[in-house]
Amino acid sequence: MNLSQTKPHYEILDGLRGIAAIMVLGIHTLEAYFVTDTVNGKYDQLLNHAYLAVDFFFVLSGFVIGYAYDDRWGKMSIGAFLKRRIFRLHPMVVFGTALGVVMFYLGAGEVYPLIKDTPLWRVLLYAVLGLLMIPTPPSVDIRGWKEMYTLDAPIWTLAFEYFANLLYALVIRRFSKTVLSVLVCVAACATLHLALTQGDVNGGWTMDAHHLHVGFTRLIFPFFAGLLLYRLGKVIRVERSFLWCSLLLVAVLAAPRIGGPGSDWMNGVYEAAVILVVFPLIVVMGAGGKVNGKPASRLCKLLGDMSYPIYLVNYPLCYAHTAWVAKTGGTLAEGAWVAAGVFVTVLLIAYLAMQLYDIPVRKWLRKKM
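Keep in mind that what you see is a predicted model, and the values were worked out from it rather than measured. (Residues numbered from 1 in each chain as written. Predicted model: local features only at pLDDT ≥ 70, side-chain atom pairs only at ≥ 80, totals over all residues. Heavy atoms only, no water.)

Structural notes on the overall build of the protein chain
Link 1 in the chain: A count of helices and strands for the protein chain gives 13 helices and 0 strands.
Link 2 in the chain: For the protein chain, the sequential pattern of α-helices and β-strands runs α-α-α-α-α-α-α-α-α-α-α-α-α.
Link 3 in the chain: What you see for the protein chain is a C-alpha radius of gyration of 20 Å, in line with the 21 Å of a compact globule of 369 residues.
Link 4 in the chain: Counting only residues that meet the buried cut, the protein chain has 53% of its 369 residues in that class. (Helix = DSSP H or I, 4+ residues; strand = E, 2+ residues; numbered from the N terminus. Rg over C-alpha atoms; globule rule 2.2 N^0.38 Å. Buried < 20%, exposed > 50% of the residue type's maximum accessible area, 1.4 Å probe, protein only.)

What to know about the side chain of Ser-246
Link 1 in the chain: With respect to the element layout, Ser-246 can be found in helix 10 (residues 241-254).
Link 2 in the chain: Other than its neighbours up to four places away in sequence, Ser-246 contacts Leu-16 and Ile-19. (Contact = heavy atoms within 4.5 Å.)

A short note on the pattern of salt bridges
Link 1 in the chain: Overall, the coordinates contain 9 salt bridges when judged by the stated rule.
Link 2 in the chain: When the shortest N-O distance is used, the salt bridge between Asp-305 and Lys-301 registers 2.7 Å. Taken together, the positions of Asp-305 and Lys-301, both in helix 12 (residues 294-328) and 4 residues apart, correspond to about one turn of that helix.
Link 3 in the chain: Under the relative-accessibility criterion, Asp-305 is labelled partly exposed at 24%.
Link 4 in the chain: What makes Lys-301 exposed here is its relative accessible area of 52%. (Salt bridge = Lys/Arg side-chain N within 4 Å of Asp/Glu carboxyl O.)

Points about the nonpolar core
Among soluble globular proteins, nonpolar side chains are generally buried collectively.
Link 1 in the chain: Counting 100 residues, the largest nonpolar core has Leu-16, Phe-56, Leu-158, Phe-224, Leu-249 and Phe-279 as its most contacted members.
Link 2 in the chain: Broken down by element, the residue count for this core peaks at 13 residues, all from helix 12.
Link 3 in the chain: Every residue in contact with Leu-249, bar those within four places of it in the chain, is listed here: Leu-16, Ile-19, Ala-20, Phe-56, Phe-279 and Ile-282.
Link 4 in the chain: Grouped together as the second largest cluster of nonpolar side chains are 12 residues, Val-101, Ala-108, Val-111 and Tyr-112 included. (Core = buried A, V, L, I, M, F, W, Y, C linked by side-chain atoms within 4.5 Å.)

Thoughts on the packing of helix 7 (residues 155-170) against helix 9 (residues 209-232)
Link 1 in the chain: It is at 10 Å that the axes of helix 7 and helix 9 come closest, and there the two elements cross at 50°. Classified by the interaxial angle, the pair formed by helix 7 and helix 9 is oblique. Both helix 7 and helix 9 take part in a crossing whose hand is right-handed. Residues Trp-156, Phe-160, Glu-161, Phe-163, Ala-164, Asn-165, Leu-167 and Tyr-168 of helix 7 pack against Leu-212, Gly-215, Phe-216, Arg-218, Leu-219, Ile-220, Phe-223, Phe-224, Leu-227 and Arg-231 of helix 9.
Link 2 in the chain: Of the residues contributing to the contact of helix 7 with helix 9, the split by class is 13 nonpolar, 2 polar and 3 charged. (Axes fitted to C-alpha atoms, helices over the stretch in contact; angles between N-to-C directions. Parallel < 35°, antiparallel > 145°, perpendicular 65-115°, else oblique. Left-handed = near helix turned anticlockwise from the far one by under 90°. Nonpolar A, V, L, I, M, F, W, Y, C, P; charged D, E, K, R; others polar.)

Here's the deal with a nonpolar patch on the surface
Link 1 in the chain: A grouping of Ile-236, Val-238, Leu-243, Trp-244, Leu-247 and Leu-281 is seen on the molecular surface, where their side chains present a nonpolar patch of about 500 Å² in accessible area.
Link 2 in the chain: Here the nonpolar patch gets 3 residues from one element, more than from any other, and that element is helix 10.
Link 3 in the chain: Following the sequence through the fold, Val-238 ends up in the loop between helix 9 and helix 10.
Link 4 in the chain: The exposure class assigned to Val-238 is partly exposed, which follows from its relative accessible area of 33%. (Patch = residues over 30% accessible without salt bridge, like charges linked within 9 Å, V, L, I, M, F, W, Y side chains within 5 Å. Areas by Shrake-Rupley, 256 points an atom, 1.4 Å probe, with all protein chains shown as cover.)

Observations concerning helix 1 (residues 11-30)
Link 1 in the chain: Here helix 1 spans 29 Å end to end across 20 residues, near enough to the 28 Å set by a 1.5 Å rise per residue.
Link 2 in the chain: Of all the 20 residues making up helix 1, 18 are buried; the element is thus mostly covered by neighbouring parts of the structure. (Expected span 1.5 Å × (residues − 1).)

A closer look at unusual backbone geometry
Link 1 in the chain: Positive phi, normally seen in glycine, also occurs at Leu-47, with a value near 50°.
Link 2 in the chain: When you line up the elements, Leu-47 lands in the loop between helix 2 (41-44) and helix 3 (53-69).
Link 3 in the chain: The residue Met-133 is not glycine, and still its phi comes out positive at about 60°.
Link 4 in the chain: On the secondary structure map, Met-133 appears in the loop between helix 6 (120-131) and helix 7.

So, the environment of Ala-153
Link 1 in the chain: Among the structural elements, Ala-153 can be located in the loop between helix 6 and helix 7.
Link 2 in the chain: For the pair Ala-153 and Trp-364, spaced 211 residues apart in the sequence, the C-alpha separation amounts to 27 Å.
Link 3 in the chain: Setting aside anything within four residues of it in sequence, one finds Ala-153 in contact with Glu-147, Tyr-315 and Tyr-319.

Considering the packing of aromatic side chains
Link 1 in the chain: In total, this model carries 22 aromatic pairs according to the counting rule given.
Link 2 in the chain: Ring centres of Tyr-67 and Tyr-230 lie 6.2 Å apart, and the angle between their planes is 75°; this geometry places the pair in the edge-to-face category. Of this pair, Tyr-67 sits in helix 3 while Tyr-230 sits in helix 9, and the two are 163 residues apart along the sequence.
Link 3 in the chain: Tyr-230 sits in the partly exposed class, given a relative accessible area of 23%.
Link 4 in the chain: Ring geometry for Phe-104 and Tyr-105: centres 5.1 Å apart, planes at 85°, overall edge-to-face.
Link 5 in the chain: Residue Tyr-105 is classed as partly exposed on the basis of its relative accessible area, which comes to 33%.
Link 6 in the chain: One aromatic cluster is present, formed by Trp-156, Phe-160, Phe-163, Trp-205 and Phe-216 through successive ring pairs.
Link 7 in the chain: Taking NZ or CZ as reference, Arg-143 lies 3.5 Å from the ring centre of Tyr-319, over its face. (Phe/Tyr/Trp six-rings, centres within 6.5 Å; stacked < 30°, edge-to-face > 60°. Lys NZ or Arg CZ within 6 Å of the ring centre and 35° of its normal.)

All we've got here are geometric facts, nothing functional implied.
Written as structure tokens, this is what we have:
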């Protein structure tokens, strides 16, 4: 097998990844109008469950890792695998971190005093730490949001992704289907416990015991359930699967929060059901479907190619947007034009980053490899 050759993609899964990324952009744009109310904000915000796209990404990653690498270990070393993963993931980490540096001081002043008082050398130091995937604890926070990657918060999911890739390469690739099934069942119980006790699975971006527990719980079941789905080889074939999978994905991510204060367990049941049942169902439906026609194929490819840039570009701009909302006290109705502008700007930057940076850099790295 020539490892320089790439396998064909699951087009529908590529498209679904893009739709999930757009939903993430949506919630990050809209939550600026709700996060100031720390008590009730989580009950009121629109696209309330769009953060579950992270868990969906993990299912997709596990499935794709199994598809791309399970049959290559006879001719590929662990080092070669890790190099390929770094070449795939890290160029946009560099871009997102650089954008985070550029955007850091925008919207500072009286809104976020920590930003105003942070010297440039410290921002650059945190950029280096971010590029090396070294998280920072809340005790040395420079923004006030307690994020382990303060220049581009979504990088926290990449840190967990790297951990899952390493765990797969070192140990879990050797697991039989039975052993992997046991791991996935145990992880499912942990997911259910977290969802019921916390009322949701939101968290993972802070370097403390609670968030690390949430982050690893959100990682282990989806990622290795995706790997197990690939190894089981069972798919569901339905007509127009991209359409139905897309509608189902948007519906579960856009659903309002279930229950309210005092009945958070109801929302926990919903999120557990989405992660444990609906997301795997969407993946096996998407893997079993076919895209009909070149326009649909091109759309899925575009969505897939843009998904990762959207994910890592959106938050630096959303920092400035949130600061603007906090400073002006504007409502969603008053700031709808600003939110729309942020949304479109992120899509534009992500497209340019994909075309002019991410794809060319990854091609160059593959040639060097």
